[in-house]
Amino acid sequence: MRMTTPTDLLDAFGRKHDYLRLSVTDSCNFRCLYCMPDEPFKSTPSIELMTSQEIFEIAKIFVDEFNISKIRITGGEPLVRNDFETIIRQISTLGTSIGITTNGVLLHKYFELFQECGVKNLNISIDSLDRDKFKYITKRDLFQKVWENIKESIKRGFNVKLNVVIMRGFNEDEIPEFIALSHHYPIELRFIEFMPFSGNSWEKEKVIPIAEMLSLISQHFTYEKIEDHKNDTSRKYRVNEESKGVFGLISTMSNSFCAGCNRIRITSDGKMKNCLFGADEFDLLKAFRNKEEITELIQLGIIKKHKEKGGQFSEMESVRNQSMINRSMIKIGG
(Lines give C-alpha, C1' and ligand atoms only; values in the text may rest on other atoms or scores of the structure.)
Protein backbone atom coordinates (compact mmCIF):
# COMPACT_ATOMS: atom_id res chain seq x y z
CA MET A 1 0.00 0.00 0.00
CA ARG A 2 1.25 3.47 -0.88
CA MET A 3 2.45 5.40 2.17
CA THR A 4 3.36 8.63 0.38
CA THR A 5 1.60 10.73 -2.22
CA PRO A 6 3.13 11.02 -5.69
CA THR A 7 5.20 14.10 -6.49
CA ASP A 8 5.34 16.08 -9.72
CA LEU A 9 8.49 15.54 -11.74
CA LEU A 10 9.88 19.06 -12.18
CA ASP A 11 13.09 20.16 -13.88
CA ALA A 12 15.27 23.15 -13.02
CA PHE A 13 13.09 25.38 -15.21
CA GLY A 14 9.82 24.42 -13.53
CA ARG A 15 8.58 22.21 -16.35
CA LYS A 16 6.31 19.41 -15.16
CA HIS A 17 6.89 16.03 -16.81
CA ASP A 18 3.80 13.84 -16.94
CA TYR A 19 4.22 12.14 -20.34
CA LEU A 20 6.36 8.99 -20.67
CA ARG A 21 7.49 7.72 -24.06
CA LEU A 22 8.53 4.07 -23.79
CA SER A 23 10.54 2.51 -26.59
CA VAL A 24 10.10 -1.26 -26.49
CA THR A 25 12.39 -2.20 -29.39
CA ASP A 26 14.88 -0.72 -31.83
CA SER A 27 13.91 -3.26 -34.49
CA CYS A 28 11.76 -2.16 -37.41
CA ASN A 29 10.28 -3.69 -40.54
CA PHE A 30 10.90 -0.42 -42.45
CA ARG A 31 14.22 1.29 -43.22
CA CYS A 32 13.26 4.95 -43.40
CA LEU A 33 16.08 7.25 -44.50
CA TYR A 34 15.61 9.91 -41.82
CA CYS A 35 15.39 7.37 -38.99
CA MET A 36 17.95 4.68 -39.79
CA PRO A 37 21.70 5.33 -40.00
CA ASP A 38 23.35 4.90 -43.39
CA GLU A 39 25.81 2.28 -42.16
CA PRO A 40 24.83 -1.38 -41.51
CA PHE A 41 22.48 -1.50 -38.53
CA LYS A 42 22.23 -4.11 -35.79
CA SER A 43 19.36 -4.23 -33.35
CA THR A 44 20.08 -4.45 -29.64
CA PRO A 45 20.49 -8.06 -28.39
CA SER A 46 17.39 -9.22 -26.54
CA ILE A 47 19.28 -9.73 -23.28
CA GLU A 48 19.99 -5.97 -23.22
CA LEU A 49 16.37 -4.99 -23.86
CA MET A 50 13.82 -4.41 -21.12
CA THR A 51 11.61 -7.44 -20.66
CA SER A 52 7.85 -6.95 -20.68
CA GLN A 53 7.83 -7.21 -16.89
CA GLU A 54 10.63 -4.65 -16.55
CA ILE A 55 8.80 -2.29 -18.88
CA PHE A 56 5.69 -2.60 -16.73
CA GLU A 57 7.44 -2.23 -13.38
CA ILE A 58 9.53 0.77 -14.45
CA ALA A 59 6.46 2.43 -15.98
CA LYS A 60 4.55 1.74 -12.76
CA ILE A 61 7.20 3.60 -10.76
CA PHE A 62 6.76 6.63 -13.01
CA VAL A 63 2.98 6.49 -12.60
CA ASP A 64 2.90 5.79 -8.87
CA GLU A 65 5.74 8.08 -7.82
CA PHE A 66 5.60 10.92 -10.33
CA ASN A 67 2.02 11.44 -11.54
CA ILE A 68 2.64 10.27 -15.10
CA SER A 69 -0.73 10.49 -16.83
CA LYS A 70 0.16 9.56 -20.41
CA ILE A 71 2.26 6.71 -21.80
CA ARG A 72 3.17 6.31 -25.45
CA ILE A 73 4.63 3.04 -26.72
CA THR A 74 7.21 3.53 -29.47
CA GLY A 75 9.99 1.63 -31.22
CA GLY A 76 11.66 1.14 -33.66
CA GLU A 77 8.38 -0.38 -34.69
CA PRO A 78 6.72 -1.54 -31.45
CA LEU A 79 4.30 -3.94 -33.15
CA VAL A 80 7.15 -6.22 -34.29
CA ARG A 81 7.94 -7.22 -30.72
CA ASN A 82 6.78 -10.79 -30.00
CA ASP A 83 5.39 -9.96 -26.56
CA PHE A 84 3.76 -6.70 -27.62
CA GLU A 85 0.31 -7.92 -26.54
CA THR A 86 1.63 -8.67 -23.03
CA ILE A 87 3.19 -5.22 -22.82
CA ILE A 88 -0.08 -3.50 -23.76
CA ARG A 89 -2.17 -5.59 -21.40
CA GLN A 90 0.16 -4.79 -18.50
CA ILE A 91 0.46 -1.08 -19.26
CA SER A 92 -3.33 -0.82 -19.57
CA THR A 93 -3.67 -1.66 -15.86
CA LEU A 94 -1.84 1.53 -14.84
CA GLY A 95 -4.78 3.85 -15.48
CA THR A 96 -3.01 6.25 -17.83
CA SER A 97 -3.83 7.40 -21.33
CA ILE A 98 -2.07 5.06 -23.77
CA GLY A 99 -0.86 5.88 -27.25
CA ILE A 100 1.02 3.92 -29.90
CA THR A 101 3.43 5.27 -32.50
CA THR A 102 3.67 2.93 -35.47
CA ASN A 103 4.37 2.72 -39.18
CA GLY A 104 0.93 1.13 -39.50
CA VAL A 105 1.74 -1.97 -41.48
CA LEU A 106 0.80 -4.43 -38.70
CA LEU A 107 -2.07 -2.49 -37.13
CA HIS A 108 -4.75 -4.87 -38.42
CA LYS A 109 -3.43 -7.54 -36.04
CA TYR A 110 -4.04 -5.42 -32.95
CA PHE A 111 -7.24 -3.40 -33.41
CA GLU A 112 -9.25 -5.68 -31.12
CA LEU A 113 -6.50 -5.69 -28.48
CA PHE A 114 -6.36 -1.91 -28.49
CA GLN A 115 -10.11 -1.58 -28.13
CA GLU A 116 -10.17 -4.15 -25.34
CA CYS A 117 -7.36 -2.38 -23.44
CA GLY A 118 -8.65 1.15 -23.90
CA VAL A 119 -5.91 2.30 -26.30
CA LYS A 120 -7.41 5.24 -28.17
CA ASN A 121 -4.48 7.18 -29.63
CA LEU A 122 -2.64 6.01 -32.75
CA ASN A 123 0.17 8.02 -34.33
CA ILE A 124 0.95 6.59 -37.76
CA SER A 125 3.96 7.63 -39.84
CA ILE A 126 3.39 8.08 -43.57
CA ASP A 127 5.74 10.34 -45.51
CA SER A 128 4.31 9.99 -48.98
CA LEU A 129 0.99 9.19 -50.60
CA ASP A 130 2.79 8.09 -53.74
CA ARG A 131 3.51 4.36 -53.85
CA ASP A 132 6.91 4.72 -55.52
CA LYS A 133 8.10 7.47 -53.19
CA PHE A 134 6.76 5.55 -50.19
CA LYS A 135 8.82 2.54 -51.32
CA TYR A 136 11.89 4.76 -51.78
CA ILE A 137 11.74 6.27 -48.29
CA THR A 138 10.80 3.06 -46.42
CA LYS A 139 12.57 0.49 -48.64
CA ARG A 140 9.30 -1.46 -48.53
CA ASP A 141 6.48 -1.68 -51.11
CA LEU A 142 3.74 -1.59 -48.47
CA PHE A 143 1.89 1.67 -49.05
CA GLN A 144 -1.45 0.00 -49.76
CA LYS A 145 -1.42 -2.02 -46.52
CA VAL A 146 -0.55 1.06 -44.47
CA TRP A 147 -3.28 3.11 -46.14
CA GLU A 148 -5.87 0.35 -45.57
CA ASN A 149 -4.94 0.24 -41.88
CA ILE A 150 -5.16 4.02 -41.59
CA LYS A 151 -8.68 3.97 -43.00
CA GLU A 152 -9.67 1.10 -40.71
CA SER A 153 -8.24 2.98 -37.70
CA ILE A 154 -10.44 5.96 -38.56
CA LYS A 155 -13.47 3.73 -39.14
CA ARG A 156 -13.01 2.13 -35.72
CA GLY A 157 -12.98 5.51 -34.01
CA PHE A 158 -9.36 5.76 -32.89
CA ASN A 159 -7.82 9.20 -32.44
CA VAL A 160 -5.55 9.12 -35.48
CA LYS A 161 -2.58 11.38 -36.05
CA LEU A 162 -0.61 11.02 -39.27
CA ASN A 163 3.05 12.04 -38.95
CA VAL A 164 4.73 13.34 -42.12
CA VAL A 165 8.41 14.27 -42.13
CA ILE A 166 8.79 16.96 -44.80
CA MET A 167 12.10 16.99 -46.68
CA ARG A 168 12.95 19.49 -49.39
CA GLY A 169 13.23 17.85 -52.76
CA PHE A 170 11.32 14.76 -51.69
CA ASN A 171 7.74 15.34 -50.58
CA GLU A 172 6.97 19.05 -50.19
CA ASP A 173 4.97 18.83 -53.43
CA GLU A 174 2.55 16.49 -51.61
CA ILE A 175 1.65 19.00 -48.91
CA PRO A 176 -1.65 20.01 -50.62
CA GLU A 177 -2.72 16.36 -50.94
CA PHE A 178 -1.98 15.77 -47.26
CA ILE A 179 -3.90 18.92 -46.28
CA ALA A 180 -6.88 17.61 -48.24
CA LEU A 181 -6.82 14.46 -46.08
CA SER A 182 -7.19 16.62 -42.97
CA HIS A 183 -10.24 18.26 -44.50
CA HIS A 184 -11.99 15.06 -45.53
CA TYR A 185 -11.06 12.74 -42.64
CA PRO A 186 -11.35 13.16 -38.83
CA ILE A 187 -7.60 13.09 -38.25
CA GLU A 188 -4.77 15.34 -37.15
CA LEU A 189 -2.26 15.57 -39.98
CA ARG A 190 1.14 16.67 -38.67
CA PHE A 191 4.01 18.01 -40.75
CA ILE A 192 7.36 17.51 -38.99
CA GLU A 193 10.57 19.35 -39.80
CA PHE A 194 13.49 17.09 -40.75
CA MET A 195 15.65 16.62 -37.62
CA PRO A 196 19.33 15.66 -37.18
CA PHE A 197 20.24 12.32 -35.61
CA SER A 198 23.30 10.13 -35.70
CA GLY A 199 23.95 8.82 -39.20
CA ASN A 200 20.79 10.10 -40.91
CA SER A 201 22.50 12.44 -43.43
CA TRP A 202 20.67 15.50 -42.14
CA GLU A 203 21.27 18.76 -44.00
CA LYS A 204 19.74 22.07 -43.02
CA GLU A 205 19.00 22.74 -46.70
CA LYS A 206 16.52 19.83 -46.58
CA VAL A 207 14.57 21.42 -43.73
CA ILE A 208 11.44 23.32 -44.73
CA PRO A 209 10.58 25.68 -41.83
CA ILE A 210 6.95 25.94 -40.83
CA ALA A 211 6.71 29.52 -42.13
CA GLU A 212 7.61 28.24 -45.58
CA MET A 213 5.19 25.31 -45.22
CA LEU A 214 2.37 27.71 -44.39
CA SER A 215 3.29 29.80 -47.41
CA LEU A 216 3.10 26.69 -49.60
CA ILE A 217 -0.24 25.74 -48.07
CA SER A 218 -1.67 29.23 -48.65
CA GLN A 219 -1.07 28.82 -52.38
CA HIS A 220 -3.71 26.06 -52.41
CA PHE A 221 -5.97 26.64 -49.39
CA THR A 222 -7.28 29.27 -47.10
CA TYR A 223 -6.93 28.12 -43.50
CA GLU A 224 -7.61 29.24 -39.96
CA LYS A 225 -5.76 28.87 -36.68
CA ILE A 226 -7.33 26.78 -33.94
CA GLU A 227 -6.49 26.60 -30.27
CA ASP A 228 -3.34 24.83 -29.13
CA HIS A 229 -3.01 23.30 -25.69
CA LYS A 230 -0.25 23.86 -23.15
CA ASN A 231 2.02 20.91 -24.00
CA ASP A 232 1.19 20.54 -27.69
CA THR A 233 4.15 20.03 -29.98
CA SER A 234 2.18 21.04 -33.06
CA ARG A 235 0.66 24.37 -33.99
CA LYS A 236 -2.78 23.45 -35.29
CA TYR A 237 -4.92 24.77 -38.15
CA ARG A 238 -7.90 23.70 -40.23
CA VAL A 239 -8.98 24.50 -43.76
CA ASN A 240 -12.35 25.77 -42.56
CA GLU A 241 -15.12 25.04 -40.07
CA GLU A 242 -16.46 22.27 -42.31
CA SER A 243 -13.19 20.33 -42.05
CA LYS A 244 -13.52 16.94 -40.38
CA GLY A 245 -9.92 17.11 -39.13
CA VAL A 246 -7.05 19.49 -38.55
CA PHE A 247 -3.44 19.87 -39.63
CA GLY A 248 -0.51 20.83 -37.49
CA LEU A 249 3.12 21.82 -37.91
CA ILE A 250 5.88 20.57 -35.61
CA SER A 251 8.70 23.09 -35.75
CA THR A 252 11.43 21.34 -33.78
CA MET A 253 14.19 23.01 -35.79
CA SER A 254 12.97 26.48 -36.77
CA ASN A 255 10.75 27.45 -33.83
CA SER A 256 11.11 25.07 -30.90
CA PHE A 257 8.51 24.28 -28.25
CA CYS A 258 11.03 23.38 -25.53
CA ALA A 259 9.46 25.77 -23.01
CA GLY A 260 6.37 23.58 -22.79
CA CYS A 261 8.11 20.18 -22.89
CA ASN A 262 6.57 17.57 -20.57
CA ARG A 263 8.18 14.46 -22.09
CA ILE A 264 10.45 11.77 -20.68
CA ARG A 265 11.93 9.10 -22.94
CA ILE A 266 13.11 5.62 -22.08
CA THR A 267 15.02 3.71 -24.72
CA SER A 268 14.41 0.03 -25.34
CA ASP A 269 17.60 -0.80 -23.42
CA GLY A 270 16.34 1.08 -20.39
CA LYS A 271 18.18 4.40 -20.62
CA MET A 272 16.24 7.52 -19.65
CA LYS A 273 16.72 10.50 -21.96
CA ASN A 274 15.41 13.83 -20.73
CA CYS A 275 15.47 15.29 -24.24
CA LEU A 276 15.19 13.92 -27.75
CA PHE A 277 18.42 15.73 -28.67
CA GLY A 278 20.19 15.22 -25.34
CA ALA A 279 23.48 13.39 -24.97
CA ASP A 280 22.80 12.55 -21.32
CA GLU A 281 21.42 9.10 -20.57
CA PHE A 282 20.53 7.60 -17.20
CA ASP A 283 20.67 3.83 -16.94
CA LEU A 284 17.43 2.91 -15.20
CA LEU A 285 17.53 -0.71 -16.32
CA LYS A 286 20.96 -1.41 -14.85
CA ALA A 287 19.94 0.11 -11.52
CA PHE A 288 16.61 -1.74 -11.59
CA ARG A 289 18.29 -5.09 -12.29
CA ASN A 290 20.69 -4.40 -9.43
CA LYS A 291 17.69 -3.98 -7.11
CA GLU A 292 18.56 -0.30 -6.60
CA GLU A 293 16.03 2.45 -5.95
CA ILE A 294 15.57 4.33 -9.24
CA THR A 295 13.38 7.26 -8.14
CA GLU A 296 16.37 9.42 -7.23
CA LEU A 297 18.05 8.59 -10.54
CA ILE A 298 14.89 9.64 -12.37
CA GLN A 299 14.78 12.92 -10.46
CA LEU A 300 18.48 13.55 -11.15
CA GLY A 301 17.89 12.96 -14.85
CA ILE A 302 15.11 15.50 -14.94
CA ILE A 303 16.99 18.11 -12.91
CA LYS A 304 19.89 17.86 -15.38
CA LYS A 305 17.61 18.61 -18.34
CA HIS A 306 18.82 21.52 -20.44
CA LYS A 307 16.64 24.50 -21.22
CA GLU A 308 16.59 23.80 -24.93
CA LYS A 309 17.42 21.02 -27.41
CA GLY A 310 19.58 18.98 -25.08
CA GLY A 311 22.08 21.84 -24.76
CA GLN A 312 23.56 20.84 -28.12
CA PHE A 313 22.27 23.70 -30.29
CA SER A 314 19.81 26.56 -30.26
CA GLU A 315 19.41 27.90 -33.79
CA MET A 316 19.17 25.60 -36.79
CA GLU A 317 22.08 27.41 -38.44
CA SER A 318 24.38 26.31 -35.62
CA VAL A 319 23.70 22.58 -36.02
CA ARG A 320 26.76 20.48 -36.83
CA ASN A 321 25.26 17.04 -37.27
CA GLN A 322 28.58 15.22 -37.38
CA SER A 323 29.63 16.63 -34.00
CA MET A 324 26.34 16.04 -32.18
CA ILE A 325 26.40 13.38 -29.48
CA ASN A 326 23.25 11.29 -29.77
CA ARG A 327 21.81 8.03 -31.01
CA SER A 328 20.02 7.42 -34.28
CA MET A 329 16.28 8.08 -34.16
CA ILE A 330 15.47 4.36 -34.24
CA LYS A 331 17.62 3.82 -31.12
CA ILE A 332 15.86 6.63 -29.25
CA GLY A 333 12.25 5.91 -30.06
CA GLY A 334 11.24 9.37 -31.30
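Below is a summary of the structure that appears in this document. Here the structure is a predicted model, which means the values were calculated and not measured.

Cut-offs used in this document
Residues numbered from 1 in each chain as written. Predicted model: local features only at pLDDT ≥ 70, side-chain atom pairs only at ≥ 80, totals over all residues. Heavy atoms only, no water. Helix = DSSP H or I, 4+ residues; strand = E, 2+ residues; numbered from the N terminus. Buried < 20%, exposed > 50% of the residue type's maximum accessible area, 1.4 Å probe, protein only. Contact = heavy atoms within 4.5 Å. Areas by Shrake-Rupley, 256 points an atom, 1.4 Å probe, with all protein chains shown as cover. Pairing = 2+ DSSP bridges. Axes fitted to C-alpha atoms, helices over the stretch in contact; angles between N-to-C directions. Parallel < 35°, antiparallel > 145°, perpendicular 65-115°, else oblique. Left-handed = near helix turned anticlockwise from the far one by under 90°. Phe/Tyr/Trp six-rings, centres within 6.5 Å; stacked < 30°, edge-to-face > 60°. Lys NZ or Arg CZ within 6 Å of the ring centre and 35° of its normal. Salt bridge = Lys/Arg side-chain N within 4 Å of Asp/Glu carboxyl O. Right-handed = clockwise from strand over helix to strand, strands pointing away.

### Regarding the overall build of the chain
And then number 1: Counting its secondary structure elements, the chain contains ten helices and twelve strands.
And then number 2: Counting the 334 residues in the chain, one finds 54% classified as buried.
And then number 3: Put simply, of all contacts in the chain between residues at least 6 apart along the chain, 74% involve residues at least 24 apart.
And then number 4: Here the chain displays about 15100 Å² of accessible surface, and carbon together with sulfur accounts for 49% of that area.

### Observations regarding the sheet that holds strand S10 (residues 263-266)
And then number 1: Spatial strand order, S7-S8-S9-S6-S5-S4-S3-S2-S1-S10-S11-S12: twelve strands in an open sheet with mixed pairing. This sheet does not close on itself; its edge strands, each paired only once, are strand S7 (224-225) and strand S12 (282-283).

### A few points about the environment of histidine 183
And then number 1: Relative to the assigned elements, histidine 183 resides in helix H6 (residues 175-184).
And then number 2: Along the sequence, histidine 183 and glutamate 241 sit 58 residues apart, while their C-alpha atoms lie 9.4 Å from each other.

### A look at the packing of helix H1 (residues 52-66) against helix H2 (residues 84-91)
And then number 1: Running from amino to carboxyl end, H1 crosses H2 at an angle of 20°, the nearest separation of the two axes being 9 Å. The orientation of H1 with respect to H2, classified from their angle, is roughly parallel. Regarding H1 and H2, the two cross each other, and that crossing is right-handed. The residues of H2 that touch H1, namely those facing Ser52, Gln53, Ile55, Phe56 and Ala59, are Thr86, Ile87, Gln90 and Ile91.

### Considerations on the packing of aromatic side chains
And then number 1: Within the structure shown, the criterion is met by 14 aromatic pairs.
And then number 2: Between phenylalanine 134 and phenylalanine 143, the aromatic rings sit 5.6 Å apart at their centres with planes inclined by 70°, giving edge-to-face as the arrangement.
And then number 3: According to the relative accessible area criterion, phenylalanine 134 is buried, its value standing at 1%.
And then number 4: Seen in terms of ring centroids, phenylalanine 178 and phenylalanine 191 are 6.2 Å apart; in terms of plane orientation they differ by 85°. Their pairing is edge-to-face. Separated by 13 residues along the polypeptide, phenylalanine 178 in helix H6 and phenylalanine 191 in strand S6 (residues 188-193) bring together distant segments of the chain.
And then number 5: Through successive ring pairs, a cluster of aromatic residues spans Phe84, Tyr110, Phe111, Phe114 and Phe158.
And then number 6: Lying over the aromatic face of phenylalanine 170, lysine 133 brings its terminal NZ or CZ to 5.5 Å of the ring centre.
And then number 7: Its end group placed over the ring of tyrosine 237, lysine 225 keeps NZ or CZ at 5.1 Å from the ring centre.

### Regarding the pattern of salt bridges
And then number 1: Across all of its chains, the model carries 22 salt bridges by this definition.
And then number 2: Lysine 161 is the partner of glutamate 188 in a salt bridge, and the nearest nitrogen-oxygen pair spans 4.0 Å. One end of the pair, glutamate 188, is in strand S6; the other, lysine 161, is in strand S5 (residues 159-166), with 27 residues separating them in the sequence.
And then number 3: Here glutamate 188 falls in the buried class, since its relative accessible area comes to 11%.
And then number 4: A salt bridge links glutamate 224 to arginine 238; its shortest N-O distance comes to 2.4 Å. Linking glutamate 224 in strand S7 with arginine 238 in strand S8 (residues 235-238), this pair joins segments that are 14 residues apart in sequence.
And then number 5: The class for glutamate 224 is partly exposed, based on a relative accessible area of 30%.

### As for the pairing of strand S3 (residues 97-102)
And then number 1: Of all six residues that make up S3, five are buried, and the element is covered over most of its length.
And then number 2: Bridge analysis of strand S2 (residues 70-74) against S3 gives four bridges, and the strand direction is parallel. By the bridge assignment, lysine 70 is partnered in S3 with serine 97.
And then number 3: Each parallel crossover has a hand, and the one from S2 via H2 to S3 is right-handed.

Limitation: the analysis is restricted to geometry and does not speak to function.
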